[in-house]
Amino acid sequence: DAKTTQPTSMDCAEGRAANLPCNHSTISGNEYVYWYRQIHSQGPQYIIHGLKNNETNEMASLIITEDRKSSTLILPHATLRDTAVYYCIVRYNQAGTALIFGKGTTLSVSS
Amino acid sequence: DTGVSQDPRHKITKRGQNVTFRCDPISEHNRLYWYRQTLGQGPEFLTYFQNEAQLEKSRLLSDRFSAERPKGSFSTLEIQRTEQGDSAMYLCASRAGPSTDTQYFGPGTRLTVL
């Protein structure tokens, strides 16, 4: 799986959009970009994933650059409950393989 | 609540004791994973089951660790002769099958070895 680079921490005001970047310059053509988050003392939670096209669901939007070397997770209206560690993971979409987590980005949302 | 449950949520034990954790995955999920997470780090993979078969084990899974998944339903992770370095959060995750790659995590079991 390709290596990812994320900022250690970010701050966001409640109600504003949170834009979390991830660099994955060595990503291969068949690797997906996944985002999970982990709220304090809970297990990781799946957010969204994508291959080439931008994706949106009820939680977030995922913007992948055309060269696929970086992506941005967007939380459109951050709330205090979005304070968490956000993990960007690049992986092949195949059965059996475990998730490889880095240290992620700690997002702090404040009022 | 993802539907994956773990028991106990917290365990405090003395060095040298054995401990066992249980994970109940989402009922129709045939794939089950165990991860370990220490403070300030992301979760690290330990082992993986497809139904009752243990298909992959990480080098992190020393001889003191054993995992089972009888009948392909719940799973147990046992640590024998615990050491202080075993103190961590132990996470279980399940996924439905090859058509989806999303893993659903339980709340974890926090182990403290004194």
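Our structure is the block above this text.
Small disclaimer: the values here were computed from a predicted structure and weren't measured.

Visitor: What is the right way to read the nonpolar core from this model?
Guide: When a protein is soluble and globular, its nonpolar side chains tend to lie buried together. Counting 21 residues, the largest nonpolar core has A:Trp35, A:Leu73, A:Tyr86 and A:Leu107 as the members making the most contacts within it. For this core, the elements supplying multiple residues, two or more each, are β2 (18-23), β3 (31-38), β4 (45-50), β6 (61-64), β7 (70-75), β8 (84-92) and β9 (105-110) of chain A. The biggest single contributor to this core is β8(A), with four residues. Counting 19 residues, the second-largest nonpolar core is a separate cluster that includes B:Cys23, B:Leu77, B:Ile79 and B:Val113.

Visitor: I tried to follow the state of the cysteines on my own but got confused; where do I start?
Guide: Disulfide: a covalent bond connecting the sulfur atoms of a pair of cysteines. Going through the model one piece at a time under the given rule, you end up with two disulfides over all chains. A sulfur-sulfur distance of 2.1 Å marks the disulfide that ties A:Cys22 to A:Cys88. Around the S-S axis, the bridge from A:Cys22 to A:Cys88 shows a dihedral of about -80° and counts as left-handed. Of the two residues, A:Cys22 is situated in strand β2 and A:Cys88 in strand β8; the sequence distance between them amounts to 66 residues. On the basis of relative accessible area, A:Cys22 is assigned to the buried category, the value being 1%. Through a disulfide, B:Cys23 is tied to B:Cys92; the S-S separation comes to 1.8 Å. Note on the B:Cys23 and B:Cys92 pair: the S-S dihedral is about -65°, so by sign convention the disulfide is left-handed. Taken together, the residues B:Cys23 in strand β3 (residues 19-24) and B:Cys92 in strand β9 (residues 88-95) connect sequence positions 69 residues apart. Each member of the pair, B:Cys23 together with B:Cys92, is buried. Free cysteine A:Cys12: the closest other cysteine sulfur is in A:Cys22, separated by 18 Å.

Visitor: Looking at this structure, I do not really get the layout of surface pockets. What am I missing?
Guide: A water-sized probe rolled over the atoms picks out the places where empty space is left. What the largest pocket holds in volume is close to 660 Å³. Lining the largest pocket are 31 residues, with A:Val85, A:Tyr87, A:Lys103, B:Gln37 and B:Gln41 sitting closest to its centre. In terms of residue count, β8(A) provides more of the lining of the largest pocket than any other element does, six residues in total. Looking at side-chain class alone, the lining of the largest pocket contains twelve nonpolar, 15 polar and four charged residues. In this model, the second largest pocket occupies a volume close to 270 Å³. What lines the second largest pocket is a set of 14 residues, among which A:Gln42, A:Gly43, B:Asp1, B:Thr2 and B:Phe105 lie closest to the centre. Here the lining of the second largest pocket is composed, by residue class, of five nonpolar, seven polar and two charged.

Visitor: Just to check I follow, could you spell out the pattern of salt bridges for this structure?
Guide: Side chains that differ in charge, positive against negative, can pair when their charged atoms come close. Residue and element names in this part refer to chain B. One pass over the structure, following the stated rule, counts four salt bridges over all chains. The partner of Arg22 in a salt bridge is Asp24, and the shortest N-O contact between them spans 2.7 Å. The salt bridge involving Glu83 is made with Arg64; its shortest N-O contact spans 3.4 Å. Of this pair, Glu83 sits in the loop between β8 (75-79) and β9 while Arg64 sits in the loop between β6 (53-57) and β7 (65-68), and the two are 19 residues apart along the sequence. Within this structure, Arg64, Glu83 and Asp86 form a network of salt bridges that share partners.

Visitor: Mind showing me how you'd approach the interface of chain B and chain A here?
Guide: Often, the extent of an interface is quoted as the loss of accessible area upon association of its parts. Facing 21 residues of chain B, the contacting portion of chain A comprises 21 residues. Carbon and sulfur atoms supply 51% of the area buried between chain B and chain A, which totals about 1,500 Å² over both sides. For the chain B face of the interface with chain A, the top three residues by lost area are B:Pro43, B:Asp101 and B:Phe105, together amounting to 33%. Inspection of the region where chain B meets chain A yields zero salt bridges. Taken together, chain B and chain A are joined by four residue pairs in polar contact (both at pLDDT 80 or more).

Criteria and thresholds
- Residues numbered from 1 in each chain as written.
- Chains lettered and ligands numbered in written order.
- Predicted model: local features only at pLDDT ≥ 70, side-chain atom pairs only at ≥ 80, totals over all residues.
- Heavy atoms only, no water.
- Core = buried A, V, L, I, M, F, W, Y, C linked by side-chain atoms within 4.5 Å.
- Buried < 20%, exposed > 50% of the residue type's maximum accessible area, 1.4 Å probe, protein only.
- Helix = DSSP H or I, 4+ residues; strand = E, 2+ residues; numbered from the N terminus.
- Disulfide = S-S within 2.5 Å.
- 1 Å grid on protein atoms, 1.4 Å probe; cavity = no way out; pocket = protein on both sides within 12 Å on 5 of 7 lines; lining within 4 Å.
- Points joined across faces, edges and corners; volume = space filled by probe spheres on them.
- Nonpolar A, V, L, I, M, F, W, Y, C, P; charged D, E, K, R; others polar.
- Salt bridge = Lys/Arg side-chain N within 4 Å of Asp/Glu carboxyl O.
- Contact = heavy atoms within 4.5 Å.
- Buried area = accessible area lost by both parts, 1.4 Å probe.
- Polar contact = N/O pair within 3.5 Å; in protein donor to acceptor, adjacent residues only side chain to side chain.

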